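For reference, the chains in residue letters:
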Amino acid sequence: MMIVGLTGGIGSGKTTIAQIFASQFAIPIYIADTASKQLIETNKDIRQQIVTLFGEKAFEQEKYNSKYIASIVFTDAQKLQQLNAIIHPAVQRDFQHWVAKQSAQYVIKESAILFESGSYRDCDLIISVVAPVNVRIERVMLRDKIDKEMIEKRIKNQWTDAELVKYSNFVIENREICKNLDKVREIHFKILKILEKTH
Ligand code: ATP
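Residues numbered from 1 in each chain as written. Predicted model: local features only at pLDDT ≥ 70, side-chain atom pairs only at ≥ 80, totals over all residues. Heavy atoms only, no water.

**Concerning the overall build of the protein**
Tallying secondary structure elements over the protein gives 9 helices and 7 strands in all. Expected size for 199 residues packed as a compact globule is a radius of gyration near 16 Å; at 17 Å, the protein falls within 12% of this value. Along the longest, intermediate and shortest principal axes, the C-alpha atoms of the protein span 50 × 40 × 25 Å. When burial is assessed residue by residue, the protein has 43% of its 199 residues classed as buried. (Helix = DSSP H or I, 4+ residues; strand = E, 2+ residues; numbered from the N terminus. Rg over C-alpha atoms; globule rule 2.2 N^0.38 Å. Buried < 20%, exposed > 50% of the residue type's maximum accessible area, 1.4 Å probe, protein only.)

**A look at the side chain of glutamate 110**
Along the chain, the position of glutamate 110 falls in strand β5 (residues 106–110). Although buried, glutamate 110 forms no salt bridge, and the nearest oppositely charged side chain, lysine 14, lies 5.2 Å from it. In this structure, glutamate 110 is in contact with Leu6, Lys14, Thr15, Ala18, Tyr30, Ile31 and Ala32, ignoring residues within four places of it in sequence. (Lys, Arg positive; Asp, Glu negative; His and termini not counted. Salt bridge = Lys/Arg side-chain N within 4 Å of Asp/Glu carboxyl O. Contact = heavy atoms within 4.5 Å.)

**Observations regarding the site of the ligand**
Around the ligand there are 14 residues in total, and Lys14, Thr16, Arg143, Asn174 and Arg175 lie nearest to it. Contact distances for the ligand include 3.2 Å between an oxygen atom and a backbone N or O atom of glycine 11. At 3.3 Å, a backbone N or O of serine 12 approaches an oxygen atom of the ligand. Sorting the residues of the shell around the ligand by element identifies α1 (14–25) and α6 (133–144) as the ones contributing at least two each. For the shell around the ligand, the element with the highest residue contribution is α1, accounting for 3 residues. Taken together, the residues that form the shell around the ligand break down as 2 nonpolar, 7 polar and 5 charged. (Near = heavy atom within 4 Å. Polar contact = N/O pair within 3.5 Å; in protein donor to acceptor, adjacent residues only side chain to side chain. Nonpolar A, V, L, I, M, F, W, Y, C, P; charged D, E, K, R; others polar.)

**Looking at the packing of helix α2 (residues 32–42) against helix α5 (residues 77–100)**
When two helices pack together, their arrangement is given by the angle between the helix axes and by the axis-to-axis distance. Where α2 contacts α5, the axes come no closer than 10 Å and their chain directions differ by 105 degrees. As summarised for this structure, α2 and α5 are arranged roughly perpendicular, according to the angle between their axes. For the pair formed by α2 and α5, the contact residues are Ala32, Ala35, Ser36, Leu39 and Ile40 on the first element and Ile87, Ala90, Val91 and Asp94 on the second. Grouping the amino acids of the contact of α2 with α5 by side-chain chemistry returns 7 nonpolar, 1 polar and 1 charged. (Axes fitted to C-alpha atoms, helices over the stretch in contact; angles between N-to-C directions. Parallel < 35°, antiparallel > 145°, perpendicular 65-115°, else oblique.)

**Side note on the UniProt feature "binding site: ATP" (unreviewed entry) in the protein**
This chain's UniProt record puts "binding site: ATP" (unreviewed entry) on Gly11, Ser12, Gly13, Lys14, Thr15 and Thr16. The contacts of glycine 13, once residues within four sequence positions are left out, are Val129, Arg139 and Asn174. Note that threonine 16 resides in helix α1. (UniProt positions renumbered as here; feature names shortened; annotations may be inferred.)

**Re the nonpolar core**
By size, the foremost hydrophobic cluster in this structure holds 30 residues, and its most contacted members are Ile50, Phe54, Ile69 and Leu83. Considering each element in turn, this core owes the most residues, 8 residues, to α5. Dropping the residues within four chain positions of it, phenylalanine 54 is found in contact with Tyr68, Ile69, Ile72, Val73, Lys79 and Leu83. Ala18, Val184, Ile191 and Leu192 belong to the second-largest nonpolar core, a separate cluster that totals 21 residues. (Core = buried A, V, L, I, M, F, W, Y, C linked by side-chain atoms within 4.5 Å.)

What follows is the structure, given as structure tokens:
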């Protein structure tokens, strides 16, 4: 099964683009962020490790207190590393199980931190979604109702668009929403061509 990584900074439009691959071309999408939240809330072992690291406040009425955790890991790189060491291997295993159940020509793994987490190593091809930082900040402020500083802190922890472009096979500049379908179609057929050649 060919695995295509889909990455981009916060608010670049990864999910927006992934939805086009899914709706227009029936490509299965694995969203690493959603999967990791599900794993944290359903896997007792992961939950216990997180409580050991961050204390009981890590969960509020059974729900993962992501705001509390985020406020700690933004300023504590060691804690972020320890949290990643718990979550990333579990997401990796979950993704492998998920892939084994798919039967499409290729699948997409969406992750904001595809390179930073090392999961790019599983990918045969990589698509990056890019957009200017100020546009991304505006989108996320509108979507999540959080302040600019919080978003800027997240951006500082992620790769820049220039770095992403350097290591990607395809780049989608997500500005005008109406142009996205054509860009996705072009990349989809290029991927199918690559698949034909490799079989
Ligand atoms: P995150 O990393 O935070 O999960 P993301 O990269 O998946 O973000 P999306 O959730 O797809 O980004 O998009 C962020 C917000 O911007 C959403 O509310 C989406 O509807 C909006 N958006 C995406 N693309 C565009 C666009 N081209 N024009 C206007 N709004 C857009």
